[in-house]
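# Coordinate analysis (summary)
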Amino acid sequence: MRNLVLVFGDQLDDGSAAFDGFDRDLDAVLQMEVREEASYIPQHKRRIAFFFAAMRHFRDGQRAKGRRVFYSELGDPANRGSFTGELQRRFAELKPGRIIVIEPGDWRVGDMLLRSNLPIEVREDRHFLCSSQTFGSFADGHPRLILETFYRFMRRRLDILLDPDETPAGGAWNFDTSNREPFNRKKAPDIPPPLRFTPDTVTREVLNLVAREFPDSPGRLDGFDLPVNRGHGLALLEDFAAHRLKHFGRYQDAMAGGEPYLFHSRLSGPLNLHMLSPREVVDAVLANPSNAPLNAVEGYVRQVIGWREFVRGIYWRHMPGYAGNNVLGADLPVPRFYWTGATDMRCLSEAIGHTIDHAYAHHIERLMVLGQFCLLLGVRPYDVHRWHMSMFWDAIDWVSLPNALGMSQHGDGGLVGTKPYAASGNYINRMSDHCRRCRYNPNKATGEDACPFTTLYWDFLARHRTRFAKNARMKYSYLNLARKEPGEVKLIQRQADALKAKLTADTFL
Ligand SMILES: Cc1cc2nc3c(=O)[nH]c(=O)nc-3n(C[C@H](O)[C@H](O)[C@H](O)COP(=O)(O)OP(=O)(O)OC[C@H]3O[C@@H](n4cnc5c(N)ncnc54)[C@H](O)[C@@H]3O)c2cc1C
Ligand code: SF4
């Protein structure tokens, strides 16, 4: 054998650089299901099933093209159970001249390849619109690197939504102020039913395997309907562009009870496993078949060519040290109810419920409910990332770590976001219908019915006064804190301490 092309579960693209020059008479493909990856942290059953089902469909697609595929199934008694062990076994068995792989999405896996002492050629991952080198040069030239500058650079570089004189279409680079409407059922448009993909034989086998092998993993497997091949991904993209995009911008930040998806695309899974390319996703949105307003189109494009590429750039520029960042010195564990949803805080039980049922929560639930509560409580940022890696179908290290540890926990001191995403319960009250059905009162910081978000918000501001009081973007928060009597702040802090002790006394990990 000449080349063995190693394809990890998040690299399911046969147009990747790993397949350049592939000769089916000389080369073969290797894919590995390994227990270590599915259990080094407890993983949501749906997440494991999504990865394995997508990998097996990719395998079958390659075989249909006449390619030889060596596929290590989890249940194979010869399977050594770890990437390193399985790679060594396959190398000894197949004796290829070299192993070819594209850059892994996890620093830890790249490090494992480096240490393996095997003849491995690592090729660039062309899936992304900005290589690590290009990002590095851009960051070198912009010591105060923020998303907005990077996003404008990407818009110009890719020639997206620009007028002929290279100014932004519609006269502004972003229309965020039009994208903060709460979802009010009385005047809101109908939410199109989510596209569901009925499991075929291959997926059903995987579902049985996961149910059998991972009975104690968190999350639900029943009703599995995720997209597990490129055809499914394309159908989801078409559905989004035709039926959801027009309201995506307006309700981008909204939350509603019993509505996990609203007008979000659910394309992060197919994108992160490389079933779809970001360029084709953006092109489908720019084609705009439903004549969606510019704030929706621009809002979506910004997520994909801006945020997605930005967090990846930050990850590769700052790893491996990035994972250890904890500038706020947060030292509490993730509360146990994050794994079960058993809490009387309505917003959290909704967001955790969506996560348990679908391995999905949309961005504002992740940032302003799930993430924010950990930030205010003072949970270790890396543990918040680990929880995300456990629970979400779309979590890969390069994207989860900067979002969870950086954006949501401010553990990196402001590399991803210039201020912490901290707000009182009033923000959640404005953006959702949760507080109306909650036993707590978002306006109250003390007392039996005080909203824990509100109590912890004031406590957070007081606790981190030295670090944040001079941050221009937090000026009004600190002016409001200054208006409180010292006695009131003391009472809030006492209530916050009691909450922290109570909520983190019981943990899962
Ligand atoms: C704490 C936290 C953890 C997160 N963890 C992940 C993760 O593990 N995997 C992941 O793909 N996204 C993650 N995100 C980003 C974002 O929340 C998800 O990409 C999005 O919710 C996926 O759902 P969707 O496809 O319906 O997104 P939509 O709202 O439809 O957005 C469109 C696309 O834009 C991209 N996108 C949007 N925001 C981001 C972002 N901040 N970073 C990277 N890509 C973005 C995604 O590819 C997404 O599919 C996280 C965000 C936070 C705050
Ligand atoms: S009152 Fe507080 S805990 Fe209850 S739903 Fe609103 S923000 Fe969440």
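Details of the structure are given in the entry above.
These numbers were taken from a predicted model, which means no experiment stands behind them.

## Observations regarding the pattern of salt bridges
Enumeration over the complete set of coordinates arrives at 44 salt bridges. A salt bridge links Asp394 to Arg366, with the nearest nitrogen and oxygen atoms 2.9 Å apart. Linking Asp394 in the loop between helix H15 (381-391) and helix H16 (397-408) with Arg366 in helix H14 (residues 363-377), this pair joins segments that are 28 residues apart in sequence. Accessibility assignment for this pair places Asp394 and Arg366 in one class, buried.

## Things to note about the site of ligand 2
Looking at ligand 2, the residues that line it are Met345, Arg346, Cys347, Gly425, Ile428, His434, Cys435, Cys438, Tyr440, Pro442 and Cys451. In this structure the site holding ligand 2 corresponds to the second largest cavity. If you list the elements that add at least two residues to the shell around ligand 2, you get helix H13 (346-358) and helix H17 (425-431). For the shell around ligand 2, a count of residues per class yields eight nonpolar, two polar and one charged.

## Overview of H14
In this model, H14 (15 residues) spans 20 Å end to end at C-alpha, consistent with the 21 Å of a helix rising 1.5 Å per residue. At Gly371, H14 is bent by approximately 40 degrees, the largest bend along its length. By the criterion of burial, H14 is predominantly enclosed, with 14 of the 15 residues buried. Gly378 occupies a position one or two residues after H14 and carries a positive phi of about 100 degrees.

## Examining the environment of Asn117
Within the secondary structure, Asn117 is located in the loop between helix H4 (107-115) and strand E5 (120-123). Among the residues examined, Asn117 registers a relative accessible area of 73% and is labelled exposed.

## Some words on helix H21 (residues 486-503)
Working note: α-helix, 3.6 residues per turn, so residues spaced by three or four point in the same direction. For H21, which comprises 18 residues, the first-to-last C-alpha distance of 26 Å matches the rise-based estimate of 26 Å (1.5 Å per residue) to within 8%. Residues of H21 that are buried include every one of Val489, Ile492, Ala496, Leu499, Lys500 and Leu503, and no others. Along the long axis of H21, the arc covered by the buried residues comes to 95 degrees, so they all point the same way. Exposed side chains of H21 directed beyond 90 degrees from the buried face belong to Lys490, Arg494, Ala501 and Lys502. Elements in contact with the buried residues of H21: helix H12 (337-340), H14, helix H18 (452-463) and helix H20 (475-482).

Rules of the game
Residues numbered from 1 in each chain as written. Chains lettered and ligands numbered in written order. Predicted model: local features only at pLDDT ≥ 70, side-chain atom pairs only at ≥ 80, totals over all residues. Heavy atoms only, no water. Salt bridge = Lys/Arg side-chain N within 4 Å of Asp/Glu carboxyl O. Helix = DSSP H or I, 4+ residues; strand = E, 2+ residues; numbered from the N terminus. Buried < 20%, exposed > 50% of the residue type's maximum accessible area, 1.4 Å probe, protein only. Near = heavy atom within 4 Å. 1 Å grid on protein atoms, 1.4 Å probe; cavity = no way out; pocket = protein on both sides within 12 Å on 5 of 7 lines; lining within 4 Å. Sits in = over half its atoms within 2 Å of the grid points. Nonpolar A, V, L, I, M, F, W, Y, C, P; charged D, E, K, R; others polar. Expected span 1.5 Å × (residues − 1). Bend = angle between axes of the 7 residues up to and from the residue. Arc of directions from axis to C-beta. Contact = heavy atoms within 4.5 Å.

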